[in-house]
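Geometric and topological summary
Single-letter residue listing:
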Amino acid sequence: MRKNTHILLAGLLMAGCSSTAPVMDITKWSDFSSTYPTGSVSWHAPDSVTQTRFVQHAKHVGGLAGFNKKSFEGLWWKGYDVNSWGNPAFIIQISLWPYTQPHTDKPSLESFRQDQAKLWSDTSHVMDEVVLGGHRWLRISADYDNEGNACRRVQFKMPLNGECYLNVMAEYDNEARRDQKWLESRMAVMSNVVESIRLTAGSSGGSSGVIRPRN
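Residues numbered from 1 in each chain as written. Predicted model: local features only at pLDDT ≥ 70, side-chain atom pairs only at ≥ 80, totals over all residues. Heavy atoms only, no water.

1. Things to note about the overall build of the protein chain
Put simply, the rule reads: Only DSSP runs of H or I covering at least 4 residues are called helices, and only runs of E covering at least 2 are called strands; the numbering of each starts at the N terminus. Working definition: with a 1.4 Å probe on protein chains only, accessible area under 20% of the residue-type maximum means buried, over 50% means exposed, and in between means partly exposed. Pairs of residues are marked as contacts when any of their non-hydrogen atoms sit within 4.5 Å. Computed by Shrake-Rupley with a 1.4 Å probe, the accessible areas treat only the displayed protein chains as cover when residues are assessed.
On a plain count of helices and strands, the protein chain comes out with three helices and 10 strands. Helices and strands in the protein chain line up, N terminus first, as α-β-β-β-β-β-α-β-β-β-β-α-β. Every one of the 215 residues in the protein chain was classed for burial, and the buried ones make up 47%. Long-range pairs, those at least 24 residues apart, make up 61% of the contacts in the protein chain between residues at least 6 apart in sequence. When the accessible area of the protein chain is evaluated, it comes to approximately 11100 Å², of which 51% is carbon and sulfur surface.

2. So, the packing of aromatic side chains
We apply this condition: Paired rings are identified among Phe, Tyr and Trp, the last through its six-membered ring, by centres lying within 6.5 Å, and are further divided according to the angle between planes into stacked (under 30 degrees), edge-to-face (over 60) and tilted (the rest). The rule is short: NZ of Lys or CZ of Arg within 6 Å of the ring centre and within 35 degrees of the ring normal puts a charge over the ring.
Counting across every chain of the model gives 12 aromatic pairs. Here Phe 32 and Trp 43 contribute two aromatic rings whose centre-to-centre distance is 6.0 Å and whose plane-to-plane angle is 15°, an arrangement assigned as stacked. Taken together, the positions of Phe 32 in strand E1 (residues 30-36) and Trp 43 in strand E2 (residues 39-45) put the pair 11 residues apart, joining distant regions of the chain. We classify Phe 32 as buried; its relative accessible area is 16%. Owing to a relative accessible area of 2%, Trp 43 belongs among the buried residues under this scheme. Following the ring pairs from residue to residue traces out a cluster consisting of Tyr 80, Phe 90, Tyr 172 and Trp 182. Against the face of Tyr 144 rests Arg 153, its NZ or CZ located 4.3 Å from the ring centre.

3. Comments concerning the side chain of Thr 20
In plain terms, the rule: Contacts described as polar in this section are N or O atom pairs within 3.5 Å, which, within protein, must combine one atom able to donate a hydrogen with one able to accept it, while residues neighboring in sequence count only if both atoms come from side chains.
Secondary-structure assignment places Thr 20 in the loop between helix H1 (2-17) and E1. Overall, Thr 20 belongs to the buried group, its relative accessible area being 8%. There is a polar contact of 2.7 Å between the side chain of Thr 20 and the backbone nitrogen of Val 82.

4. As for the sheet that holds strand E7 (residues 135-146)
Keep this limit in mind: Two strands are counted as paired when DSSP detects at least two bridges linking them. Note on geometry: axes are lines fitted to C-alpha atoms, helical ones only across the stretch in contact, with angles between N-to-C directions running from 0 to 180 degrees.
Reading across from one edge, E3-E4-E5-E9-E8-E7-E6 is the order of the seven strands in this open sheet, with antiparallel pairing throughout. Sheet topology places strand E3 (55-57) and strand E6 (126-132) at the edges, where each strand pairs with a single neighbour. Each strand axis lies, on average, 20° off the axis of its neighbour in the sheet, ignoring direction. Across the sheet, helix H3 (residues 180-195) lies against strand E4 (73-82), strand E5 (88-98), E6, E7, strand E8 (149-159) and strand E9 (164-173), angled at about 165° from E9, the strand it touches most.

5. Some points on the sheet that holds strand E10 (residues 198-201)
Strand order in this open sheet of three strands is E1-E2-E10, and the pairing throughout is antiparallel. Unpaired on one side and paired on the other, E1 and E10 mark the two borders of the sheet. Adjacent strand axes in the sheet meet at a mean angle of 15°, parallel and antiparallel pairs treated alike. Where E2 and E10 come together, four bridges link them in antiparallel fashion. Paired with Ser 42 across the two strands is Arg 198, which belongs to E10.

This is the structure in structure tokens:
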């Protein structure tokens, strides 16, 4: 009976995902960009086949002086594959995060990795370094079984300056990722988004309100 229940749930999930899946043809992806006080970030990402309300985009973020260990500045957030419960099974988020310790200048990736290792010391995770889009990233993967948000979370992190780092995160719903083809296709989408990241240093030329992800 348990096996049949899992099959039924998976069927409902995939039925809900079909019309809200990401557009897989990269040539049809959209260009996005956001500015912050010392530069800008641009990227290429897909819309959903059928649009959903799970999307946020901050074209400009304000001053980062208010950063603390519990806050971040959200640049872009998009949820895909909305399941039968109305929640996205695949999420991508691009954001700016403060360091756990202040830096006078942009830290090296090695120094940044040491800081992150301390931060993640009490959490089961896998940490490695990858090169995508000509940038060196620190990649951290961890599984979560939170009620209502059971997922695998993969984060690509890169120091931007002495104040903050760029964090590109994907969440893969535990129920949905049992389908290996689905998981591989969504991981490919995430990889292509990360590869498309471009950074430009310089003044942002102003700012507006800051958004945070919400349903």
